[in-house]
Every structure is written in C-alpha cells, then in structure tokens.
Amino acid sequence: MNILKKRSWDLAEREATPESVFLNRRQILAGLAGSGALLGSGLGLRPAFAEEDPSAGLYPVKRNEVYQLDRDLTAEEIASKYNNFYEFGSHKQIWPAAQDLKIRPWTVTLDGMVDNPQTIDVDDLISKMPLEERLYRHRCVEAWSMAVPWSGFALADLVKLAGPQTGAKYLRFETFLDPSVASGQKQSWYPWPYVEGLTLEEATNELAFIATGVYGKPLAKQFGAPVRLVTPWKYGFKCIKSIVKITFTDQRPVSFWEEIQSSEYGFWANVNPSVPHRRWPQSSERVLGTNERRNTLLYNGYEEQVAYLYKDMKGELLFM
Ligand code: MTE
C-alpha cells in the first residue's frame, strides 16, 4: 500500500528492495550465522515460521476441491517473505519482526448486535469449527498477486456462533494493539488498530473465510496468526490479520486505509480491472515468484460467487 500524501517512510512496491537483493542479503546472513559469526552480535536470525503453535497437530486439513485455481500455487518461501503487515513496518520484509508477536494466549471477542456475545479462546474456537483447505487467488491493490492454500473455516460459521440480531448489517473487524511488540504501532500518524469491515451478506457469502493455517500448517505470524480474514474477490487490504474482535453493528465501519486516504481506498474494494486506482492501472497484475504479468479478472475471477451481492447497488464506489 502507499498513500497519496507520500512521506519518506512510505515505500511504493516498486521502490521496495527487490527480492533478489534481499534474498542475497539473507543468504549472506545465513552463511554468517552458519559460521557462528553472528553469535553474540545480537543479529541472530529469527525463525520464519511458528514452530510451537499448539494447533500444529490439526494440520494439514482436507482440501475442499470446489475451489480450483487457474494458475500455480505461489511457493511458500516466496509468499511468506513478502508481506504487508504495517504493524511491523511499511515494507515487505516484515517476517523477522513479526516473529515477536505473541499468539498464545489469544482470544477473539464477538460483540455488538449479537445474541451470543463472547470472548473465546482461539484454540476453543478452532476446535469448534470444521476446518478445510481452500486454494484462493489473492490480488493486492498494489497490483501484485499470489495463489495460496489457506486452511480455516467459513466466516458464515463464526457468524452463526455469534447469532446476529435483526438490524445487524455489518461486521467490524479489529487487529491487536500492542506497540511494545509491533513497532509500527508507535507511528502515531496511522489510525491504529487496523480495522476492516464487511456487510453481513458478504460475511455469509460462501467465499468469506477465516484462515487459521496456510501451506498445511498453522498460520505463520507474518500471515496474520492466529486468525485472519480472507475475501479473495476483494483487494488484499480487506484481509485483516491477527483479529482480536468482531463487532456486529448497524453502522458501516470505516477501515484503516479508508481513514487514511478515502479517495483511494474505500469500503467495498472489489477487484475490477476496468477501474484504475487513482495512480496506476488495475488491468494486470505481477504474479509473485514468477513475475509473470497476468490480466486481472473481475472480482478476481470470483464473479459467479459474488456478483449478486452488488447487482442492485447504485451510487456506491464498488471497485476502490
Ligand atoms: N492486516 C493488518 N492487521 N495489517 C496490515 O498491514 N495489510 C493488508 C492485509 N491485512 C495488513 C492487514 C494488505 S495491504 C494486504 S495486501 C494483505 O494483508 C497481505 O497479506 P499477506 O501478507 O498474507 O500477503
């Protein structure tokens, strides 16, 4: 993501350190670590993945074959080292810093206009839900894309658990707030915590998914452990990470990016190749890993599943 009022700390994707340069640097560091040269230097390498996640025994889960891809899966090594997680920095190589996030104990609060308000331990939540794997495309508003095997459960099942009351129209999602581990949250010009929103109808669409795992393992921290949203027909910024609260409300939530720059990042954020971002086209995308350019698809290729949600909407900016 970058914003119109560009400041020195905001890196556009094309200005970020190229992966090849970064990987080289890492190879050098790894070599030094292997030789013991880093010992005692305070630069010890941190692991890229959560090894001691108590839910590890649950994965891999059975794949739901309904969701097929039109492209290869993105290699785990690539997808897990090129992330947006502004809580840990405004560049793509946040994975080492993200390892500081403590993901247990972790609770998720369901509140607002619901019959069953509750704060539930994440492992209790995961154990209640029918886990499955889904292969989904992911399209970032910055015009890069990947294809990822998420594990988790339908958001509709969580909505059922909460029991929305008549009048509840939206879900407002919130990420943790802890500047002591997430140094990005010390940057007061961002409206922390990260917030996102969906309509109740979108949240109960079959595609809306809560990911608790990826690549056949619990979610690595940089992907938004222990629970994140996945809405593959929308730009990636809707996929809020490390959720602690979901509030059911009759008020449309104002999301993190909408609050920062509402003329560029709206509530709906549905993928549409014919509607350019104010500063770049959205007609094609760069595939992570191969750098192939592909034509972007309406609703990121999920038109059949989601177009009905928007067919009677007039005057809404559905594609930003
Ligand atoms: N959630 C939080 N809490 N913080 C973030 O910075 N970035 C968003 C989204 N969810 C973000 C977030 C953006 S811009 C994208 S493209 C996706 O996460 C990136 O997901 P990935 O790192 O798993 O590819």
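Residues numbered from 1 in each chain as written. Predicted model: local features only at pLDDT ≥ 70, side-chain atom pairs only at ≥ 80, totals over all residues. Heavy atoms only, no water.

A. Structural detail: empty space enclosed by the protein. Tallying each qualifying case throughout the model produces two cavities of 30 Å³ or more. Approximately 260 Å³ is the volume found for the largest cavity. Lining the largest cavity we find 21 residues, and of these Asn 84, Gly 236, Phe 237, Cys 239 and Lys 241 sit closest to its centre. Classifying every residue of the lining of the largest cavity by side-chain character gives 13 nonpolar, five polar and three charged. Its volume calculated, the second largest cavity comes out at about 30 Å³. Forming the walls of the second largest cavity are Val 108, Leu 125, Leu 158, Ile 210, Val 227, Ile 243 and Ile 246. Tallied by class, the residues present in the lining of the second largest cavity amount to seven nonpolar, no polar and no charged. (1 Å grid on protein atoms, 1.4 Å probe; cavity = no way out; pocket = protein on both sides within 12 Å on 5 of 7 lines; lining within 4 Å. Points joined across faces, edges and corners; volume = space filled by probe spheres on them. Nonpolar A, V, L, I, M, F, W, Y, C, P; charged D, E, K, R; others polar.)

B. Main features of the sheet that holds strand β6 (residues 195-199). Spatially, β2-β1-β10-β5-β6 is the arrangement adopted by the five strands of the open sheet, whose pairing is mixed. Each edge of the open sheet is held by one strand with a lone partner, namely β2 (118-121) and β6. Direction aside, neighbouring strands of the sheet carry axes that sit 20° apart on average. Bridging between strand β5 (residues 170-175) and β6 involves five bridges; their strand directions are antiparallel. If you follow Leu 171 over to β6, its bridge partner there is Leu 198. (Pairing = 2+ DSSP bridges. Helix = DSSP H or I, 4+ residues; strand = E, 2+ residues; numbered from the N terminus. Axes fitted to C-alpha atoms, helices over the stretch in contact; angles between N-to-C directions.)

C. Up close: the pattern of salt bridges. The final tally for this structure, using the stated rule, is 20 salt bridges. In this structure, the salt-bridge partner of Glu 133 is Arg 63, at a minimum N-O distance of 2.7 Å. With Glu 133 in strand β3 (residues 132-139) and Arg 63 in the loop between α1 (19-35) and α2 (76-79), the pair connects residues that are 70 residues apart, well separated along the chain. Look at Glu 133 and you get buried, because its relative accessible area is 8%. Measuring nitrogen to oxygen at the nearest pair gives 3.2 Å for the salt bridge that ties Glu 77 to Lys 81. (Salt bridge = Lys/Arg side-chain N within 4 Å of Asp/Glu carboxyl O. Buried < 20%, exposed > 50% of the residue type's maximum accessible area, 1.4 Å probe, protein only.)

Interpretation note: all reported values are geometric properties and have no functional meaning in isolation.
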